[in-house]
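What follows is the residue order along each chain.
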Amino acid sequence: MPKPSKQSKADNPRGFIEDISDASDASASSDPMASREGSPPGFTQEALFKHISDIVSQEGWRTQKMLDDSLAKLESGLNAKVDNIIKRIDEIATVTNSLVARQSEAETRISALEDDIAPLKVKLAEFEKLNTALSEKVTDLEGRSRRDNIRILNLKESVEGSDPIQFFESFIPKLLDLSVPTIAIDRAHRGSGAPVVGRPRPVIVKIHRSRDVTTILSTARRRGQLSFEDQSIRIVPDISPIVRAARRAFNPICAELIKKGIRFQMIFPAVLVFKMNGVQKSFKDPNEAKKFLGR
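The name an unreviewed UniProt entry gives the protein chain is L1 transposable element RRM domain-containing protein, with Cirrhinus mrigala as the organism.

## Observations concerning helix α5 (residues 210-223)
Here α5 spans 20 Å end to end across 14 residues, near enough to the 20 Å set by a 1.5 Å rise per residue. The complete set of buried residues in α5 reads Asp212, Val213, Ile216, Leu217, Thr219 and Ala220. Down the axis of α5, the buried set is contained in an arc of 165°. They therefore lie on one face. Those residues of α5 that are exposed and angled more than 90 degrees off the buried face are Arg211, Thr214, Arg221 and Arg222. Where the residues of α5 are buried, they touch β1 (149-153), α4 (164-176), β3 (203-207), β4 (226-227) and β5 (232-237).

## Section: the sheet that holds strand β7 (residues 271-276)
The strand order across the open sheet formed by three strands is β6-β7-β8, and the pairing between neighbours is antiparallel. Edge positions in the sheet fall to β6 (264-267) and β8 (279-283), since each of these pairs with one other strand and no more. Here the strands of the sheet are splayed against their neighbours by 25° on average, with no regard to which way each runs. Bridge count for β6 against β7 is four bridges, and the pairing is antiparallel. Paired with glutamine 265 across the bridge in β7 is valine 273.

## A word on the confidence of the model for the protein chain
Counting all residues, the mean pLDDT for the protein chain is 83, and 85% of those residues have values of 70 or more. Confidence drops under pLDDT 50 across residues 1-39; counting only partners more than four residues distant or on other chains, this segment forms ten contacts.

## Thoughts on the pairing of β3
Regular strands place their side chains on alternate faces of the sheet. For β3, the buried fraction is high: five of the five residues fall into the buried class. Burial along β3 is two-sided: Val203, Val205 and Ile207 and Ile204 and Lys206, pointing in opposite directions, are all buried. By the bridge criterion, four bridges tie β1 to β3 in an arrangement that is antiparallel. Residue isoleucine 152 lies in a different strand from β3, and its bridge partner there is valine 203. When strand β2 (residues 185-190) meets β3, the two strands line up antiparallel, connected through five bridges. Following the sheet pairing, arginine 190 is matched in β3 by valine 203.

## Remarks on the sheet that holds β1
Here we have five strands laid out as an open sheet, ordered β2-β3-β1-β5-β4, and antiparallel in their pairing. A strand with exactly one partner marks an edge of an open sheet, and here the two such strands are β2 and β4. Sitting on the sheet, α5 is in contact with β1, β3, β4 and β5, with an inclination near 135° to β5.

## Looking at the pattern of salt bridges
Summed over the entire model, instances satisfying the criterion amount to 14 salt bridges. Taking the shortest distance from any N to any O, the salt bridge between aspartate 54 and lysine 50 comes out at 3.3 Å. Note that aspartate 54 and lysine 50 are positioned in helix α3 (residues 45-146) at a spacing of four residues, about one turn of the helix. Residue classification places aspartate 54 among the partly exposed positions, given a relative accessible area of 33%. Here glutamate 142 makes a salt bridge to arginine 146, at a shortest N to O gap of 3.2 Å. With glutamate 142 and arginine 146 both in helix α3 and four residues apart, this pair spans about one turn of that helix. The class for glutamate 142 is partly exposed, based on a relative accessible area of 25%. When salt bridges that share partners are traced, they join Glu142, Arg146, Arg151 and Asp238 into one network.

## Concerning the packing of aromatic side chains
Evaluated as defined, the whole model comprises seven aromatic pairs. Summarising the aromatic geometry, the rings of phenylalanine 167 and phenylalanine 168 are spaced 5.0 Å apart at their centres and angled 80° between planes, so their arrangement reads as edge-to-face. Judged by relative accessible area, which is 0%, phenylalanine 168 ranks as buried. For the ring pair phenylalanine 171 and phenylalanine 228, a centre distance of 4.9 Å and an interplane angle of 90° mean the geometry is edge-to-face. In this pair, phenylalanine 171 sits in helix α4 while phenylalanine 228 sits in the loop between β4 and β5, placing the two residues 57 residues apart along the sequence. Among the residues examined, phenylalanine 171 registers a relative accessible area of 5% and is labelled buried.

Calculation criteria
- All residue numbers refer to position in the chain's written sequence, counted from 1.
- Local features are withheld for residues below a pLDDT of 70 in this predicted model, meaning they are given only at 70 or higher, and side-chain atom pairs are given and counted only at 80 or more; totals for whole chains, interfaces and linings count all residues.
- To obtain the side-chain values, all non-hydrogen atoms of the structure were used and water was disregarded.
- Helix numbering and strand numbering both begin at the N terminus, where a helix is a DSSP run of H or I of at least 4 residues and a strand a DSSP run of E of at least 2.
- To estimate how far a helix should extend, the number of its residues minus one is multiplied by 1.5 Å.
- Residue burial is assigned from relative accessible area. The probe radius is 1.4 Å, only protein chains are included, and a residue is buried under 20% of its type maximum, exposed over 50%, and partly exposed in between.
- Throughout, the arc means that of the directions going from the helix axis to the C-beta atoms.
- Every residue pair with non-hydrogen atoms within 4.5 Å of one another is taken to be in contact.
- The rule for pairing is simple: two strands pair if DSSP sees at least two bridges between them.
- Throughout, an axis means a line fitted to C-alpha atoms (over the contacting stretch in the case of helices), and angles, computed between N-to-C directions, take values from 0 to 180 degrees.
- Per residue, pLDDT measures the predictor's confidence, with a range of 0 to 100.
- Salt bridges, as used here, are contacts in which a Lys or Arg side-chain nitrogen is within 4 Å of a carboxyl oxygen on Asp or Glu.
- Side-chain rings of Phe, Tyr and Trp, where Trp is taken by its six-membered ring, are said to pair if the distance between their centres is within 6.5 Å; with planes under 30 degrees apart they count as stacked, over 60 as edge-to-face, and otherwise as tilted.

The structure is reproduced here in C-alpha cells:
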C-alpha cells in the first residue's frame, strides 16, 4: 500500500507554524527561564492570530480614518472651489442676460429706426433733386439779372468822381473808340469791400440796352489791350461767383485747347463747347473734358 506523500514545510505553512508552536512548547517546557524571559505565558497560536488580526484591524481603521480625513478635506476644498465657480457662473449669467436684454432692445430700436429712415431716404432724394433744380434756377435767374452788366477791372479808385453814371456814359465809348458819344447806363458802382492800395475794386456797370452790352464786350475782345492813365484795364461780363468758379475749373482744359489750336467757347452758365475732327463736343464737367482730351 503506497505511503501518503509528505508535504514539505514550505508547501504547508500551517504545518510549519504548528512545528514552530511545538518547538516553542518544547523549548518552554525544557527551559523554564526562557519561558519566563521570552513570550508572555499563554501566547498560543490562537493568541498570535488574534494579535495579528487586532494589529491589522487597528492599521486598517487608522488607514480608513486617514483616507476619510483626506477625502473630507478634499471634498471641503472642492466644495469651496465649486461654490466660487458657481458664484462666478451666476455673475456671468446675470451679465449675459443683461447684455442679451440690451442687445434685444438695441435691435428693436435699430429696426424701428430703419423703418423710420426708409421713407426719409426717399424724401431726402426728392429734396436733393429739388435742391439741384432750384440751385440751377437761381443760378440762371442771377445770370439773367447780370446779363446787362459789365465789369471794368483794374481801373484806379475814385477816377469816376461823385457821379459814376455820367462818367461811364462817356468814358466807355472813348475807351473803346465807339461811333457813339455816349451809352445809356442805369447804374454804376464799385465792388463791395474796402479799397486796398494797389488793388482797385472792380466797377460794375449796368447798361441800359442789351445790344450795347454785346457791342462793348465784342469790341473789348477785339481791341485786346486797353489802357487808361497809363494803366492796363479789362472789360469782362459780370457773372456770379458760382458761375465764375465753375468756369475757372475749365482753365487747364482751355489752356490745352489753345495749345492745340482748337477754338472753343463758354456757354452760360459753364458749358465748354469746341469742335474736334469736325465733331462738336460740349462738356459741363471739366473732368470729363480732361478725359476726352487725354485719350
